[in-house]
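Each chain is listed here by its residues.
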Amino acid sequence: MKSNFLLIKKQSDNSGNFRLIFHVLKHHVLKKNPQIQERQRVSGFTMLELMIVVFMIGILSAIAAPSWDAFTTKQRVKTMNNQVLRSLMTAQSEAKLRKTPITVEFNPNKGSTTDPPTIDIKLGVPSALQPLNSLPKLKPQPIKLNGEGEIKLGMIKMLVNGNDSNVQSLSFNYDGTLTEGQSLPFSITIASKAGGTKECVKVQTLLGAMITDSDTACP
């Protein structure tokens, strides 16, 4: 009995040694040949799978492109419309601060290939205007409606009371109200030259109340 037990124990020890030797050899082979290890870790794509992915990306891009273009156009229009609103509000507040009339001139620059639409703020009423070059809140006159150079010529247009060719003006009294004889509502519309989206600022009352509107509500 004792001899059989020793034989069985000896065989068990030998199998354990074989397993240990196998793992050592395996580790040594993988260490010497990293390509084998990489093949075990990485599984590749077939050419058909790659073509399907590229095809799907192309379809999604074609669907998303018009939406992205419409979004960027709307942002350009909104940027210029905000410039118009800020200019009017600044002119009105400066009239109150200086206790003197201030006039805002809008020049659509229709057909110009070199100049964007502009806004010019001046002291006085239209019959006796002087350049207003010392406003701390404004940049040098006239104010160019081009998104500080980010909006290229030919993308956006300005219409004043529905007209895109004539220079028109709006005057504020010393107390921020509109001067006599001003036709209301006075509207400045910013639109894409390609059509579609547009936004506007409307001066609606003699007190100088302003609102913004969009699309079909704009002239």
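A brief report on the enclosed structure follows. (Residues numbered from 1 in each chain as written. Predicted model: local features only at pLDDT ≥ 70, side-chain atom pairs only at ≥ 80, totals over all residues. Heavy atoms only, no water.)

### Some remarks on the overall build of the protein chain
Assigned secondary structure in the protein chain consists of 3 helices and 9 strands. Counting from the amino terminus, the protein chain carries its helices and strands in the arrangement α-α-α-β-β-β-β-β-β-β-β-β. The buried share of the protein chain, taken over its 219 residues, is 31%. Across the protein chain, the fraction of contacts at a sequence separation of at least 24, relative to all contacts at a separation of at least 6, is 59%. (Helix = DSSP H or I, 4+ residues; strand = E, 2+ residues; numbered from the N terminus. Buried < 20%, exposed > 50% of the residue type's maximum accessible area, 1.4 Å probe, protein only. Contact = heavy atoms within 4.5 Å.)

### A look at a nonpolar patch on the surface
Side chains of Leu48, Ile52, Phe55, Met56, Ile59, Leu60 and Ile63 sit close together on the surface and give an oily, nonpolar patch of about 750 Å² of accessible area. Take Leu60: it is sitting in helix H3 (residues 47-98). (Patch = residues over 30% accessible without salt bridge, like charges linked within 9 Å, V, L, I, M, F, W, Y side chains within 5 Å. Areas by Shrake-Rupley, 256 points an atom, 1.4 Å probe, with all protein chains shown as cover. Salt bridge = Lys/Arg side-chain N within 4 Å of Asp/Glu carboxyl O.)

### Notes on the pairing of strand E7 (residues 186-192)
Among the 7 residues that make up E7, 7 are buried, leaving the element largely enclosed by the rest of the structure. The side-chain alternation of E7 yields two buried faces, one formed by Phe186, Ile188, Ile190 and Ser192 and the other by Ser187, Thr189 and Ala191. Examined bridge by bridge, strand E5 (residues 156-160) and E7 share 5 bridges and lie antiparallel to one another. Bridge assignment links Lys157 to a residue of E7, and that residue is Ala191. Relative to strand E8 (residues 198-203), E7 runs antiparallel, the two sharing 6 bridges. Looking across to E8, one finds that Phe186 is bridged to Val203. Between E7 and the antiparallel strand that follows it, E8, lie 5 residues; Gly195 among them carries a positive phi value of about 95°. (Pairing = 2+ DSSP bridges.)

### Thoughts on the pairing of strand E2 (residues 118-123)
Counting buried residues in E2 gives 6 out of 6 residues, a clear majority hidden from the surface. On E2, burial covers both faces: Thr118, Asp120 and Lys122 on one face and Ile119, Ile121 and Leu123 on the other are all buried.

### So, the pattern of salt bridges
Applying the stated criterion across every chain, the model contains 6 salt bridges. Residues Glu105 and Lys122 are paired through a salt bridge, measuring 3.4 Å at the closest nitrogen-oxygen approach. Residue Glu105 is found in strand E1 (residues 102-107), and its partner Lys122 is found in strand E2; the two are separated by 17 residues along the sequence. Owing to a relative accessible area of 19%, Lys122 belongs among the buried residues under this scheme. We note a salt bridge from Asp213 to Lys202, for which the minimum N-O separation is 3.9 Å. Residue Asp213 is found in strand E9 (residues 210-214), and its partner Lys202 is found in strand E8; the two are separated by 11 residues along the sequence. Among the residues examined, Asp213 registers a relative accessible area of 28% and is labelled partly exposed.

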